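Each chain, letter by letter, is given below.
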Amino acid sequence: MHDHTHRPTAEQVLAKMTLEMGKTPEVMVLLSKIKPAMVVEQARSMDFANENSSIPEKYRPLVSLAAAAGSGTSSCITMHIGNALRKGITPVEIVDTLVLARVAVASTVFSNSREGLSMLVDSIAEAETDNA
């Protein structure tokens, strides 16, 4: 059970992010000025995702990097690369993660095209029938 009576402030969360990430994500700074509770919620969600995770510590920054790369968010990619380096992950391991993310994202092009590809197969079958 978690103790929700002592939640950090948005300022404390931002300070922790700066310490852990080397800088504070600009989007979190902006959110802190508009809705500080969202910054606190982001930190709570990050803590929850890492508590009792079956994913070994070394791989967590790489998973986060791959997700950021897949979403195409350059500021997050940069932040996760810095985090991975600070955690001792090598540049080659980081690039290999980006290569895997690239393949995974590229594969979605075909997945997202399933209906259109099916239509193409049907049109080939129709053309073959017409030419027979």
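For the structure itself, consult the block above.
Residues numbered from 1 in each chain as written. Predicted model: local features only at pLDDT ≥ 70, side-chain atom pairs only at ≥ 80, totals over all residues. Heavy atoms only, no water.

Observations regarding the pattern of salt bridges
- This structure, assessed with the given rule, holds six salt bridges.
- Across the salt bridge formed by Lys16 and Glu20, the nearest N and O atoms sit 3.8 Å from each other. With Lys16 and Glu20 both in helix α1 (residues 10-21), this residue pair falls four residues apart, about one helical turn.
- The class for Lys16 is partly exposed, based on a relative accessible area of 41%.
- With its nearest N and O atoms 2.8 Å apart, the salt bridge here joins Lys58 to Glu93. With Lys58 in the loop between α3 (36-50) and α4 (60-71) and Glu93 in helix α6 (residues 91-112), this residue pair connects regions lying 35 residues apart in the sequence.
- Residue Lys58 is classed as partly exposed on the basis of its relative accessible area, which comes to 40%.
- One connected set of salt bridges, linked through shared partners, spans Lys16, Glu20 and Asp47. (Salt bridge = Lys/Arg side-chain N within 4 Å of Asp/Glu carboxyl O. Helix = DSSP H or I, 4+ residues; strand = E, 2+ residues; numbered from the N terminus. Buried < 20%, exposed > 50% of the residue type's maximum accessible area, 1.4 Å probe, protein only.)

So, the layout of surface pockets
- The space that makes up the largest pocket amounts to roughly 900 Å³.
- Residue contributions to the lining of the largest pocket peak at seven residues, all from α3.
- Split by residue class, the lining of the largest pocket holds 14 nonpolar, 10 polar and eight charged. (1 Å grid on protein atoms, 1.4 Å probe; cavity = no way out; pocket = protein on both sides within 12 Å on 5 of 7 lines; lining within 4 Å. Points joined across faces, edges and corners; volume = space filled by probe spheres on them. Nonpolar A, V, L, I, M, F, W, Y, C, P; charged D, E, K, R; others polar.)

Focus: the environment of Ala84
- In this fold, Ala84 is placed in helix α5 (residues 74-86).
- Once the C-alpha coordinates of Ala84 and Ala43 are considered, the two residues, 41 residues apart in sequence, prove to be 18 Å apart.
- Residues in contact with Ala84, not counting those within four places in the same chain, are Pro61, Ile89 and Ile94. (Contact = heavy atoms within 4.5 Å.)

As for the nonpolar core
- Within the largest apolar cluster, 10 residues are counted, these being Ala10, Val13, Leu14, Met17, Met21, Met28, Val39, Val40, Ala43 and Met79.
- Every element with two or more residues in this core is listed here: α1 and α3.
- Considering every element that reaches this core, the biggest residue donor is α1, with five residues.
- Once residues within four sequence positions are removed from consideration, Met28 is found in contact with Leu14, Met17, Val39 and Gln42.
- The next biggest cluster of nonpolar side chains, apart from the first, holds seven residues, and it includes Leu62, Leu65, Ala84 and Ile94. (Core = buried A, V, L, I, M, F, W, Y, C linked by side-chain atoms within 4.5 Å.)

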